[in-house]
Amino acid sequence: MFSRVKIKELLANYTLGDTVTVMGWVRTFRNNQFIALNDGSVLTNLQIVVDFENMDAELLKKITTGAAIKAVGEVIASQGKGQAIEIKAKEVEVLGVCDPEVYPLQPKKHSLEFLREIAHLRPRTNTFSAVFRVRHQLAMSIHQFFHNKGFVYMHSPIITGSDAEGAGEMFRVTTLPLDKLPKTEEGQIDFKKDFFGKSTNLTVSGQLEAELAALALSEVYTFGPTFRAENSNTSRHLAEFWMIEPEVAFADLNDNMDLAEGLLKYCIGQVIEHCAEDLEFLESRLSDEEKQKPQNERSEMSLREKLQFCLNNDFQRLTYTEAIDILKNSTPNKKGKFNYPIEAWGADLQSEHERYLVEKHFGKPVILTDYPKAIKAFYMRVNDDNNTVRAMDILFPGIGEIVGGSQREERLDVLMARMEEMHIPLEEMQWFLDTRKFGTCPHAGFGLGFERLVQFVTGMSNIRDVIPFPRFPGSAEF
RNA sequence: GCCUCCUUAGCUCAGCCGGUUAGAGCGCCGGACUGUUAAUCCGUAGGUCCUAGGUUCAAGUCCUAGAGGGGGCGCCA
């Protein structure tokens, strides 16, 4: 009953004179005659031509923006200029009406802020359907990349009993009644009465579990949702986001950087190859958006030029110490243009410093390595200088940190000393320490923020516009 | 959490030094036209000027508080 041809398939492969059935949603209905039909399979609308003079007027009235219709008709060469083919309708059926008086999406340009308020309807726009198709392509490319290399896709838990993942504030998971919490004799909340018999949270990272798996399967990755209860209000943070975390045994920091750079380039290349039409649309959307900005804030490259440039150039690799030297001697630092002037080695780099390195000094993606150990996590391998760790951050233009990773500390004594230094409760982490106790080996991994990758590739400036239903402080709509 | 800007019609916005009946474009609706491409042309309707206080003869406009949103910063991916 619902046999139909998708618009993408029809446009790619048609025979003039064939009778086809298409279904989709009306974008515009021009001149009582031309329906621009979209079914989401592709950006392009299919033009349906109706013979309005011989059509029921009541039916014609129901063909409005947003209505779902079925059209049966003959594939003919278009007499108009905007498209190669069109469907000469023999039969049009309105499957679902859409009252134009109250339907929020009008056949006109809407602001991204307005569309964010109607996130349940925004996939029906060109911009968001393109973003979500690209998002899909990126997800599939990530799996393909790792699969081709023989990695095992690990599903790390979403509810975690570990509260020492160290990557940020956590959302608590509980079934305890909030109005009458069970208490222990000492007056503390009695989590023994909770669903899992202990305190649990939503995961902030699958890394520790991925490490366990890597020390058995050699090469693994996770790709799942992660949750941070940080009160972050920026265009590149979400409370719920998706993260890719590979973990590789018998690998050092250089292997790690090669893997990350290879992954990013593969994904970007796949989007260029498979999402050409969506990219072209997103590029023109971005260039329209940039026309609103002052000249000096506009990007010198178009979206596709930027992506191609990433593919064609090696990412710039340098140490934190080298970066500090560059920043210290930079013009903005000498002229006092930085809000946080670079004075001494050891300071954490601010967004403005990262942006200077990426956008001004090198003009390409940058990988910074060997950060001071004082500003990095406990599990990163300490260098021989006992001052820095084998960490790496990949910085992208416009996004900042897109990847954060490290070679892991595989030496049990060093790791335990670091954990004590940083007040990580050893007794709760025995399962993790077992990896170092039983057959430990050099290994490395990183976390890639999926939405930040989607942001970079689509050119969308706000991360809330690259995930269907964004979660951020004060907002969990839909 | 901090700093900053914004909130006027369905949407995007204008509204000058506080002054009398709050405007435009697009959309919707009605009509005309009928090979259009966000069609075009004509016309109608559509407003708790975010909310609550305050100043003033007079507040969309000034002040205070609150709510919602944008941008930046911090935390990070």
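Residues numbered from 1 in each chain as written. Chains lettered and ligands numbered in written order. Predicted model: local features only at pLDDT ≥ 70, side-chain atom pairs only at ≥ 80, totals over all residues. Heavy atoms only, no water.

A. Highlighting the nonpolar core. Grouped together as the largest cluster of nonpolar side chains are 87 residues, with contacts concentrated most on Ile-48, Ile-394, Phe-396 and Val-457. When residues of this core are assigned to their parent elements, the largest contribution, 10 residues, is made by helix 4 (residues 126-148). Ignoring anything within four residues of it in the chain, the contact list for Ile-394 reads Ala-260, Leu-264, Phe-315, Val-366, Ile-367, Gly-400, Glu-401, Ile-402 and Val-403. Within the second largest apolar cluster, 29 residues are counted, among which are Tyr-371, Met-380, Val-382 and Leu-395. (Core = buried A, V, L, I, M, F, W, Y, C linked by side-chain atoms within 4.5 Å. Buried < 20%, exposed > 50% of the residue type's maximum accessible area, 1.4 Å probe, protein only. Helix = DSSP H or I, 4+ residues; strand = E, 2+ residues; numbered from the N terminus. Contact = heavy atoms within 4.5 Å.)

B. Region of interest: the protein's contact with RNA strand B. Within the structure, RNA strand B sits among 51 residues, and Lys-108, Ser-232, His-237, Arg-355 and Arg-452 are positioned closest to it. Contact distances for RNA strand B include 2.6 Å between a phosphate oxygen and a side-chain N or O atom of Asn-231. Note that a base nitrogen of RNA strand B is positioned 2.7 Å from one of the backbone N or O atoms of Leu-238. Elements with a contribution of two residues or more to the surface near RNA strand B: strand 1 (19-30), helix 3 (112-117), strand 11 (240-249), helix 11 (351-362), strand 15 (400-407) and strand 16 (443-449). (Near = heavy atom within 4 Å. Polar contact = N/O pair within 3.5 Å; in protein donor to acceptor, adjacent residues only side chain to side chain.)

C. Quick peek at the sheet that holds strand 14 (residues 388-396). In space, the 8 strands of this open sheet follow the order 6-10-11-16-15-14-13-12, with mixed pairing throughout. Edge positions in the open sheet fall to strand 6 (152-153) and strand 12 (316-319), since each of these has one partner strand only. Sheet topology note: the strand 14/strand 15 ladder contains 6 bridges and is antiparallel. Within the sheet, the bridge partner assigned to Ala-391 lies in strand 15 and is Ser-406. Contacts from helix 6 (residues 253-274) reach strand 11, strand 12, strand 13 (366-372), strand 14, strand 15 and strand 16, with the element oriented near 15° to strand 14. (Pairing = 2+ DSSP bridges. Axes fitted to C-alpha atoms, helices over the stretch in contact; angles between N-to-C directions.)

D. Fine view of the pairing of strand 16. Extensive coverage of strand 16 is indicated by the burial of 7 of its 7 residues. Across the two faces of strand 16 the burial is the same, with His-443, Gly-445, Gly-447 and Gly-449 and Ala-444, Phe-446 and Leu-448 all buried. Bridge count for strand 11 against strand 16 is 5 bridges, and the pairing is antiparallel. Following the sheet pairing, Ala-249 is matched in strand 16 by His-443.

E. Geometry of the layout of surface pockets. Empty space within the second largest pocket amounts to approximately 1100 Å³. What lines the second largest pocket is a set of 44 residues, among which Arg-27, Thr-125, Asn-126, Thr-127 and Phe-281 lie closest to the centre. Partitioning the lining of the second largest pocket into residue classes produces 16 nonpolar, 19 polar and 9 charged. (1 Å grid on protein atoms, 1.4 Å probe; cavity = no way out; pocket = protein on both sides within 12 Å on 5 of 7 lines; lining within 4 Å. Points joined across faces, edges and corners; volume = space filled by probe spheres on them. Nonpolar A, V, L, I, M, F, W, Y, C, P; charged D, E, K, R; others polar.)

F. Seen up close, the packing of aromatic side chains. Scanning the model with the defined rule gives 18 aromatic pairs in all. Plain terms: the ring middles of Phe-315 and Phe-396 are 5.7 Å apart, the flat faces sit at 80° to each other, and that makes the pair edge-to-face. Within this pair, whereas Phe-315 is found in the loop between helix 8 (303-312) and strand 12, its partner Phe-396 is found in strand 14, the two being separated by 81 residues in sequence. No difference in accessibility class separates Phe-315 from Phe-396, as the two residues are buried. With a centroid separation of 5.6 Å and 40° between ring planes, the pair formed by Tyr-320 and Tyr-371 is classed as tilted. Here Tyr-371 lies in strand 13 and Tyr-320 lies in helix 9 (residues 320-328), a separation of 51 residues in the sequence. On the basis of relative accessible area, Tyr-320 is assigned to the buried category, the value being 0%. Relative accessible area serves as the criterion here: at 2%, Tyr-371 is assigned to the buried category. (Phe/Tyr/Trp six-rings, centres within 6.5 Å; stacked < 30°, edge-to-face > 60°.)

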